Amino acid sequence: MIDKKNILIGVTGGIAAYKVVEVASRLKKSGANVRVMMTSAATEFVSPRTFQEITGNAVFVEMFGDAAHFHVAHIALADFADMVLIAPATANFLAKAAHGIADDLLTTTILAFDREILIAPSMNTKMFENPATQANLEILKSRGMKILEPATGNLACGISGKGRLPEPVDICAAIEKIFTGTVLSGKKILVTAGGTVEAIDPVRYIGNRSSGRMGFEIAKAALSAGAEVILISGKSELAPPKNLKFVKTESAIEMREAVLKDFDSVDAVIMSAAVADYRVKNPAAQKIKKSAETLTLELVKNPDILKELGNLKKSQVLVGFAAETQNILEYANKKLVEKNLDFIVANDVTAEGAGFNVSTNIASIIWRGGEVENFPKMSKAELAEKIIERVADLLNKDKKFFPMNDNQ
Ligand code: PMT
């Protein structure tokens, strides 16, 4: 979730600043684009050059720095970042941020920033517990900022108590959690799941082995990523997840209608439903009586919902599945092209632990242009997360540009 994210770290003047070097390093290794701003007090503990070497980016300290560098740095930094981490956050910083005081680059940038802010306070226990600090934390929380509780242990001042900066690995986990919940915020995702049911008569039908698990997990992953979700499901015994629009359908024709009704308003469609390619031409109005030795059903082709979406598609991201039993990549690639998809998830439905009605899957993602990502066996929930990460990347690909020359 952190890959390709723009993360701005604000370092204030506490001894724990040295730990933030590791945070920056971990984020960078996870694929994030990391920039650091420091108060002048912070530079007493760690040199800006350390962060510069770790992140590969210039470090900001001065409010009125080199104009050739970038003359409105606080605005550029605020525009650049998907989130801001303040670590360590001193009592002084908390007080200033709570009261809108902007007397250096770091506090001014915070004031100009309107997305997620994670604050990791670190200080002496008495300073942390002081009513003034606690009141300031309450103000910041009430404005939507996230506070990472300090850990308890030995402090630099020689006592043991609450006030330690959490370990870098825990800070990074908190950052990851923030991104998990926001990468699709403001986006609307339509997911199909389950198998269609094609009536033979009022009591019998042609169906398939889809349980709906794959699609339900995708819908849940999209919800966790902050999306508004429409889940259109064919036959499935699963309870619909909460907090989404759930549409129950039976036949491919019904599913098509439901999908088309919402298609114009969504940002992405992920079709994991197992849609029957054929339906009975004339389903009987009454239960068919057992008489003749053989029974012949005439089948006609169902509409290909995904292909139709591929033709209608404007800016929507379109993801299909390919349930194959042989020549997996070749057949899946053909569907990718024919249906005008952004990528397709191919699963060999004969492999053990993959495909229909199991809790795991083994899949490959094939991209337009032929690039293939092969995944080992994993839970459908994990695969769903991978699919949602990729959809989010496609939807967020117009990344903000940081108007600055790092070589200066
Ligand atoms: O539900 P589970 O038990 O968890 O099983 C998951 C799954 C095996 C159903 C899932 O992983 C999967 O492979 N779903 C796609 C099933 C399928 O119909 O594949 P297909 O290769 O026949 O179709 C290709 C794509 O076109 C699919 O995205 C399908 O939704 C879509 N399609 C197919 C036919 C049709 N008439 N209209 C369509 O839109």
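Residues numbered from 1 in each chain as written. Predicted model: local features only at pLDDT ≥ 70, side-chain atom pairs only at ≥ 80, totals over all residues. Heavy atoms only, no water.

Comments concerning the overall build of the protein
Consideration 1: Looking only at helices and strands, the protein features 13 helices and 21 strands.
Consideration 2: Projected onto its principal axes, the C-alpha coordinates of the protein cover approximately 90 × 45 × 35 Å.
Consideration 3: A buried classification covers 48% of the 408 residues belonging to the protein.
Consideration 4: Across the protein, every contact between residues at least 6 apart in sequence was considered, and the portion connecting residues at least 24 apart equals 68%.
Consideration 5: Total accessible area on the protein stands at roughly 19800 Å², and carbon and sulfur atoms take up 50% of it.
Consideration 6: Side chains of the protein give 49 positive and 48 negative charges; the mean places of these two sets differ by 4 Å. (Helix = DSSP H or I, 4+ residues; strand = E, 2+ residues; numbered from the N terminus. Buried < 20%, exposed > 50% of the residue type's maximum accessible area, 1.4 Å probe, protein only. Contact = heavy atoms within 4.5 Å. Areas by Shrake-Rupley, 256 points an atom, 1.4 Å probe, with all protein chains shown as cover. Lys, Arg positive; Asp, Glu negative; His and termini not counted. Charge placed at Lys NZ, Arg CZ, Asp CG, Glu CD.)

A look at the side chain of R390
Consideration 1: Its location among the elements puts R390 in helix α13 (residues 380-395).
Consideration 2: Here the side chain of R390 touches E373 through a polar contact of 2.8 Å, side chain to side chain.
Consideration 3: Each residue touching R390, except ones within four places of it in the same chain, is listed here: F343, I365, W367, E373 and F375. (Polar contact = N/O pair within 3.5 Å; in protein donor to acceptor, adjacent residues only side chain to side chain.)

Re the confidence of the model for the protein
Consideration 1: Of the residues in the protein, 95% have a pLDDT of 70 or more, and the chain-wide mean is 92.
Consideration 2: Within the model, the stretch residues 399-408 combines pLDDT values under 50 with 28 contacts to residues more than four positions away or in other chains. (pLDDT = per-residue confidence, 0-100.)

What to know about the sheet that holds strand β12 (residues 245-248)
Consideration 1: Spatial ordering of the open sheet is given by β12-β11-β8-β13-β16-β17-β19-β20, a layout of eight strands whose pairing is mixed. Two strands close off the open sheet at either side, each with one partner strand: β12 and β20 (372-374). Ignoring strand direction, the axes of neighbouring strands in this sheet form an average angle of 15°.
Consideration 2: Where strand β11 (residues 228-233) meets β12, four bridges bridge the pair, whose relative direction is parallel. (Pairing = 2+ DSSP bridges. Axes fitted to C-alpha atoms, helices over the stretch in contact; angles between N-to-C directions.)

Details of the environment of P48
Consideration 1: Positionally, P48 belongs in helix α2 (residues 48-55).
Consideration 2: Since its relative accessible area comes to 25%, P48 is described here as partly exposed.
Consideration 3: Not counting the four nearest positions on each side in its chain, P48 is found in contact with M38, T43, V59 and V61.

A closer look at helix α11 (residues 305-312)
Consideration 1: All of the buried residues along α11 are I305, L306, L309 and G310. Burial along α11 is one-sided: seen end-on, the buried residues are contained in an arc of 140°.
Consideration 2: Packing partners of the buried residues in α11 comprise α10 (252-263), β13 (268-271) and β16 (317-324).
Consideration 3: Measuring from the side-chain oxygen of the N-cap residue of α11 to the backbone nitrogen of L306 gives 3.3 Å; that N-cap residue is D304. (Arc of directions from axis to C-beta.)

Considering the side chain of S251
Consideration 1: By secondary structure assignment, the location of S251 is in the loop between β12 and α10.
Consideration 2: The residues contacting S251, other than those within four sequence positions of it, are T196, V197 and E198.

Remarks on the pairing of β16
Consideration 1: Among the eight residues in β16, seven count as buried, and that is most of the element.
Consideration 2: Here β16 pairs with strand β17 (residues 343-348) via six bridges, running parallel. Opposite V319, over in β17, you have F343 as the bridge partner.
Consideration 3: Handedness of the crossover joining β16 and β17 through helix α12 (residues 328-338) is recorded here as right-handed. (Right-handed = clockwise from strand over helix to strand, strands pointing away.)

A look at the sheet that holds strand β4 (residues 116-121)
Consideration 1: Reading across from one edge, β2-β1-β3-β4-β5 is the order of the five strands in this open sheet, with parallel pairing throughout. In this open sheet, the two edge strands, each paired with only one partner strand, are β2 (33-38) and β5 (146-147).
Consideration 2: When β4 meets β5, the two strands line up parallel, connected through two bridges. When the bridges of β5 are listed, I119 appears paired with I147.
Consideration 3: Of the strands in this sheet, β1 (6-11), β2 and β3 (83-89) touch helix α1 (residues 17-29), which is tilted by about 175° from β1.

A closer look at a nonpolar patch on the surface
Consideration 1: A grouping of Y278, L295, L297 and L299 is seen on the molecular surface, where their side chains present a nonpolar patch of about 370 Å² in accessible area.
Consideration 2: Position of L297 among the secondary structure elements: in the loop between β14 (278-280) and β15 (299-301).
Consideration 3: Looking at L297, the relative accessible area reads 33%, which means it is partly exposed. (Patch = residues over 30% accessible without salt bridge, like charges linked within 9 Å, V, L, I, M, F, W, Y side chains within 5 Å. Salt bridge = Lys/Arg side-chain N within 4 Å of Asp/Glu carboxyl O.)

Structural notes on the domain arrangement of the protein
Consideration 1: Each assigned domain of the protein is listed here: domain 1 (6-180) and domain 2 (188-396).
Consideration 2: One C-alpha centre belongs to domain 1, the other to domain 2, and the line joining them spans 44 Å. (Domains from an automatic or database assignment.)

Some remarks on the site of the ligand
Consideration 1: In the vicinity of the ligand there are 28 residues, among which S210, S211, K335, N347 and N357 approach most closely.
Consideration 2: Residue R213 places a main-chain N or O atom 3.4 Å away from an oxygen atom belonging to the ligand.
Consideration 3: Within the contact set of the ligand, an oxygen atom lies 2.6 Å away from a side-chain nitrogen or oxygen of N347.
Consideration 4: Burial of the ligand by the surrounding chains reaches 96%, relative to a free accessible area of 770 Å².
Consideration 5: Those elements giving two or more residues to the shell around the ligand turn out to be α9 (213-224), α11 and β16.
Consideration 6: Top element by residues in the shell around the ligand is β16. It accounts for four residues.
Consideration 7: For the shell around the ligand, the per-class residue count stands at 13 nonpolar, nine polar and six charged. (Near = heavy atom within 4 Å. Nonpolar A, V, L, I, M, F, W, Y, C, P; charged D, E, K, R; others polar.)

Concerning the packing of aromatic side chains
Consideration 1: With the rule as written, the count across this model stands at two aromatic pairs.
Consideration 2: For the pair F216 and F246, a centre-to-centre distance of 6.0 Å together with 70° between the ring planes defines the contact as edge-to-face. Separated by 30 residues along the polypeptide, F216 in helix α9 and F246 in strand β12 bring together distant segments of the chain.
Consideration 3: Look at F216 and you get buried, because its relative accessible area is 3%. (Phe/Tyr/Trp six-rings, centres within 6.5 Å; stacked < 30°, edge-to-face > 60°.)

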